[in-house]
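Each chain, letter by letter, is given below.
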Amino acid sequence: MTNMVDSKLPDARGYFGRFGGVFVPEVLVEALAQLERATNEAFADPAFWAEMETLLRDYVGRPSPIYHAERLVEGPHAPIVFKREDTNHTGAHKINNTVGQALLARRMGKRRLIAETGAGQHGVATATIGAKLGMQVDVYMGEVDVERQALNVYLMKLLGATVHPVGSGTRTLKDATNEAFREWAARVEDTFYVIGSVVGAHPYPYLVREFQKVIGLEARAQMLERYGRLPTDVVACVGGGSNAMGIFHAFVDDPDVRLWGVEAAGHGLQAVDTAASLNAGSVGVLHGSRSYVLQDDEGQVLDTHSVSAGLDYPGVGPEHAYLKDSGRAQYVAIDDADALAAFHHTARREGIVPALESAHAIAFAQRLATERGPGGLVLVNLSGRGDKDVRTVAALDGEDAR
Amino acid sequence: MIASGGFDAVFARPRAERRAALIAYVVAGDPDRATTLAVIDALTAAGVDLIELGIPYGDPLADGPTIAAAAQRALDGGTRMADAIAIAAEARERGAAPILYFTYLNPIDRYGVERFAREAAASGAVGAIVPDVPLEELPAFGPPLRAAGLAIPLLIAPTTPPERAARIAAASSGFVYLVSRLGVTGARREPDVAWAASSIARLRSATTLPLAVGFGISTPAHAAAVGAVADAVIVGSALIDAYAGSRGAQAAQLAGAYARSLRGALRPHG
C-alpha cells in the first residue's frame, strides 16, 4: 500500500499541491488562458477525441503492443514487460502529444507550430504532424544536440520543418526551451507552442499528460487481459517526464502498483554534472512552473549532463514533484554507464535497440525484477527506439557508424 | 540605511519639468562592478531619472539576446545577488539617481523573498520588477516587499485584455510598465507607439500611477514619440549595446552620451 494522491489535479490555478502554477511574462499570460479555454472545450467535445482516436489508430499505429522481454534477466526474477512506444510512427511516445496539440492548434486557428527539442524526437514528431496538417513548423534545438542528433535534424528538414540551432547558455534542451518561449512571445497571435513534455506553465503539464495517458490506459488493460492482474511495478525514464506521466497516470489510483521514475544520473549523482532534478535538485521555478530544479544556491540553473539528449534537462514536470513529495512515486537515478550497458544488453538479448532515454528505465527494471522475484510483474515503458542514438553509442565504443 | 525617498521623488523632477521621465536599464556587474558604478554615475549626470538595475539571471525568459548576453557577462564575472545589492548601495551613496531592481523570481526565491526585501530596501532601492510573477501570483510574492517599503511595478502587454489591464494597473505600485509590442526586450523591433497611446488613454481612468513604456525603444525619435504620450520612457538593450565591449571610463562616456541623446529628446509637454 502506497501513499494516495489526488489524480484529479491540477487545480484551477494549475497547481499539483505546491508545484506548478503560471510564472511567465505578462505577454504570455493571455495566450496560456486562451489555450486553457480551448483545451477544456476540446476535451469536452466528443468530435475532438473521435478525430484523435482515428489518428492514433491509423497514423500513429496505436494501440502499441506489450511484450514480454524474456531474455533480459537471468536467474529467478519477475517477468519484465515492455510497453512498446518504440513501435509508434516516428519511433517514440512523443507523437501522442504532438498529434493532440496540433489538433488543438488547428481548432484555435493557429497556422504555425513551434517546438523545442532535445533528442530531436519531439521535433520530429511535431514536424510530422505539421506536414500532415499542412502547418508551418519551426523547431528550436541546442547546438550541442544538433551535433549529437544529426539524423533527427535531417529528418525534420525532410519533413519540411525549419530547425533553428540555439547557441545561448548550455546549448541544450533548457536553452532551446527558453528560445521557444521567446519566439512564442513574439508571434503569439499566429503561433502555437507545442511543448514536448509535462513541463512549462499551466495548462501544459495537464494537457500533455492528458495526451500521453493513453499509454497507461492501454497498458493497464493489456496487462489485465494477458496476465489477469496489474503489474507490481511500473518503470519509466524521467527527463521532463511525459512518457512517465503517460504510463503512471492510469495506475496512480491503484494503491498496490509501485511507480518508479528513473532519472539520468549522468556521470553519477555526486558528480557536478547530472540531470537528475528530483534526486539532486531543489524547489525552484523554471520555464513557467514551480518544481524541482538543478540549481545553485543563488537560483542559477546548473549545466546538466546525460548521455541521452532527451533526459539532459535541469527541470522536471510539476506533477512528478508532487508524486515525489507525496511518496506515491519513487524516483531513482541510473548513470550513463549503466544506461549504455542496458542499451547493448537489450539489443543483444531481445533484438530491440532502445532509445538511450528508455535504456535508463530498462537498467533499473533489470535490478528490480531480480529483487521482486518470480512473484512480481514489472511493466517498463519502452518510450522510444534507439536508431537516433546509434551514432552516439558507436562513437563512445570507438566504432565508426557513418 | 539610506532613505529611498520612494517613487514620489522619482517623478517629482520630470513632473516639474513637464516632460516624460527617462528610465535606464543596466545589468549589475556587466562586465564588472567598477564599470557598472561608473555607468550609473554617467547616467545620473546625463539626467536619467531612474536606474533599473538588472540582477543577472541565466535564463531570462522576458529578455532578448542583448540583455541575456549582458547577464551572462555579469554571471561570468561572478556577480550574484549580494554583489548586485552592494553595487546599488554604493551607487546611492555616491549620489546616483534612484534605483529599481529588475530580476526573475528564481534568484529571489532562492535568496529568500524576505531577505531580499530587507536588503533591497536597506540598499536604498525604491522597488523591484519581477516579470515572471504575474498578477495571480502576486499575493504570494508581494507582501514582504511591500512591507519593506518597496514598490512592485507590474507589466501590461499588447496581449493583455483591457479588463485585466485595469486590474494590473490597480495592483501595481511605483508605476505601470506598458510593454510597447509583442516579444522580448531588444532594440531590433520597433515600439508600437499608437498602441501605447491608446492603452495609456484607457488606463488613465484605472490608475493615478505614472504610465511608463518600454521594449524596443532605441533612438531619440522613439523616445520623443513615446515621451509625448507616456509619463516615462524605458530604455535597456540599446543602452547596453552602446557600451558593450568597453569598460570603466570609456563605457561611462559611451553610456552617458547615449542617455543624453534620449534625454534631450524628452521635450516639455505642450
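Calculation criteria
- Residues numbered from 1 in each chain as written.
- Chains lettered and ligands numbered in written order.
- Predicted model: local features only at pLDDT ≥ 70, side-chain atom pairs only at ≥ 80, totals over all residues.
- Heavy atoms only, no water.
- Helix = DSSP H or I, 4+ residues; strand = E, 2+ residues; numbered from the N terminus.
- Rg over C-alpha atoms; globule rule 2.2 N^0.38 Å.
- Buried < 20%, exposed > 50% of the residue type's maximum accessible area, 1.4 Å probe, protein only.
- Contact = heavy atoms within 4.5 Å.
- Buried area = accessible area lost by both parts, 1.4 Å probe.
- Salt bridge = Lys/Arg side-chain N within 4 Å of Asp/Glu carboxyl O.
- Polar contact = N/O pair within 3.5 Å; in protein donor to acceptor, adjacent residues only side chain to side chain.
- Nonpolar A, V, L, I, M, F, W, Y, C, P; charged D, E, K, R; others polar.
- Expected span 1.5 Å × (residues − 1).
- 1 Å grid on protein atoms, 1.4 Å probe; cavity = no way out; pocket = protein on both sides within 12 Å on 5 of 7 lines; lining within 4 Å.
- Points joined across faces, edges and corners; volume = space filled by probe spheres on them.
- pLDDT = per-residue confidence, 0-100.
- Phe/Tyr/Trp six-rings, centres within 6.5 Å; stacked < 30°, edge-to-face > 60°.
- Patch = residues over 30% accessible without salt bridge, like charges linked within 9 Å, V, L, I, M, F, W, Y side chains within 5 Å.
- Areas by Shrake-Rupley, 256 points an atom, 1.4 Å probe, with all protein chains shown as cover.
- Pairing = 2+ DSSP bridges.
- Axes fitted to C-alpha atoms, helices over the stretch in contact; angles between N-to-C directions.

### Focus on the overall build of chain A
A tally of helices and strands in chain A yields 15 helices and 14 strands. Against the 2.2 N^0.38 benchmark of 21 Å for 402 residues, chain A shows a C-alpha radius of gyration of 19 Å, consistent with a compact globule. For chain A, the C-alpha atoms occupy an extent of roughly 60 × 45 × 45 Å along the three principal directions. Out of the 402 residues in chain A, the part that is buried amounts to 65%. Within chain A, contacts between residues separated by at least 24 positions form 75% of all contacts whose residues are at least 6 apart in sequence.

### A closer look at the interface of chain B and chain A
Facing the 35 residues of chain B at the interface are 33 residues of chain A. Across the chain B to chain A interface the summed buried area is about 2,900 Å²; carbon plus sulfur atoms make up 50%. For chain B, the biggest contributors to the area lost against chain A are B:Asp59, B:Leu61 and B:Arg110; these three give 25% of the whole. Summed over the shared surface of chain B and chain A, the result is 5 salt bridges. For A:Arg290, the salt bridge goes to B:Asp109, with nearest N and O atoms at 2.5 Å. Linking chain B with chain A are 18 residue pairs in polar contact (both at pLDDT 80 or more), by the criterion used here. Elements that contribute at least two residues to the side of chain B that touches chain A include exactly helix H3 (65-76), helix H5 (105-111), strand E5 (154-156) and helix H8 (162-171) of chain B. Looking at the side of chain B that touches chain A residue by residue, the classes come out as 20 nonpolar, 5 polar and 10 charged.

### Here's the deal with the side chain of A:Asp138
All names here are of chain A. Along the chain, Asp138 falls in strand E6 (residues 136-142). A relative accessible area of 5% means that Asp138 is categorised as buried. Within the structure, Asp138 has its side chain in polar contact with the side chain of Gln136 (distance 2.8 Å). What Asp138 contacts, discounting residues up to four positions off in sequence, is Arg112, Leu113, Ile114, Ala115, Thr162 and His164.

### A word on helix H7 (residues 173-186) of chain A
One turn of an α-helix holds 3.6 residues; hence residues three or four places apart share an orientation. Given a rise of 1.5 Å per residue, 14 residues ought to cover 20 Å, and the 20 Å separating the end C-alpha atoms of H7(A) matches this to within 8%. Most of H7(A) sits out of view: 13 of its 14 residues are buried.

### Section: empty space enclosed by the protein
Residue and element names in this part refer to chain A. Throughout the structure, instances matching the rule amount to 8 cavities of 30 Å³ or more. Of the voids in this model, the largest cavity is the one considered here, and its volume is about 350 Å³. In this structure, the largest cavity is lined by 30 residues; those nearest its centre are His93, Lys94, Gly310, Leu311 and Glu357. Mapped by element, the contributors of at least two residues to the lining of the largest cavity are strand E5 (112-117), helix H4 (121-133), H7, helix H10 (242-248) and helix H14 (356-372). Partitioning the lining of the largest cavity into residue classes produces 8 nonpolar, 18 polar and 4 charged.

### Considering the confidence of the model for chain A
Of all residues in chain A, 98% attain a pLDDT of 70 or more, and the chain-wide mean is 95. By mean pLDDT, helix H5 (residues 143-148) of chain A is the weakest element of chain A at 90, and strand E9 (residues 233-237) of chain A is the strongest at 99.

### What about the packing of aromatic side chains?
Aromatic ring pairs are reported here in terms of the distance separating the ring centres and the angle at which the planes meet. Residue and element names in this part refer to chain A. According to the stated counting rule, one finds 23 aromatic pairs over all chains in the structure shown. Judged by centre distance (5.3 Å) and plane angle (85°), the rings of Phe181 and Tyr193 are edge-to-face. In this pair, Phe181 sits in helix H7 while Tyr193 sits in strand E8 (residues 191-193), placing the two residues 12 residues apart along the sequence. Tyr193 gets classed as buried once you look at its relative accessible area, which sits at 0%.

### Observations concerning the layout of surface pockets
Rolled over the atoms, a probe as big as a water molecule pinpoints where empty space is left. The calculated volume of the largest pocket comes to roughly 550 Å³. Lining the largest pocket are 26 residues, with A:Glu179, A:Arg182, B:Gly64, B:Pro65 and B:Val184 positioned closest to its centre. Broken down by element, the lining of the largest pocket gets its largest block of residues, 6 residues, from H7(A). Quantified by volume, the second largest pocket comes out at close to 320 Å³. Of all the secondary structure elements, the ones that give two or more residues to the lining of the second largest pocket are helix H1 (26-43) of chain A together with H8 of chain B.

### Some details on a nonpolar patch on the surface
Where nonpolar side chains cluster on the molecular surface, the patch consists of A:Leu151, A:Tyr154, A:Leu155 and A:Leu158 and spans about 410 Å² of accessible area. Inspection of the secondary structure assignment puts A:Leu158 in helix H6 (residues 150-158).

### Some points on the sheet that holds strand E4 (residues 127-129) of chain B
Residues and elements named next belong to chain B. Strand order in the open sheet formed by 8 strands is E4-E3-E2-E1-E8-E7-E6-E5, with parallel pairing between adjacent strands. Looking at which strands have only one partner, the edges of the open sheet turn out to be E4 and E5. Between one strand axis and the next, the sheet turns through 30° on average, direction left out of account. The pairing of strand E1 (residues 21-27) with strand E2 (residues 50-54) spans 5 bridges and is parallel.

### A closer look at the sheet that holds E5(A)
Each strand in a sheet pairs with another by means of backbone hydrogen bonds, the pair being arranged parallel or else antiparallel. Residues and elements named next belong to chain A. Pairing in this open sheet of 4 strands is parallel, and the strands run E7-E6-E5-E8 from one edge to the other. Where the open sheet ends on each side, the last strands, each with one partner, are strand E7 (162-166) and E8. Ignoring strand direction, the axes of neighbouring strands in this sheet form an average angle of 25°. One ladder, built from 3 bridges, connects E5 with E8; its direction is parallel. When the bridges of E8 are listed, Ile114 appears paired with Tyr193.

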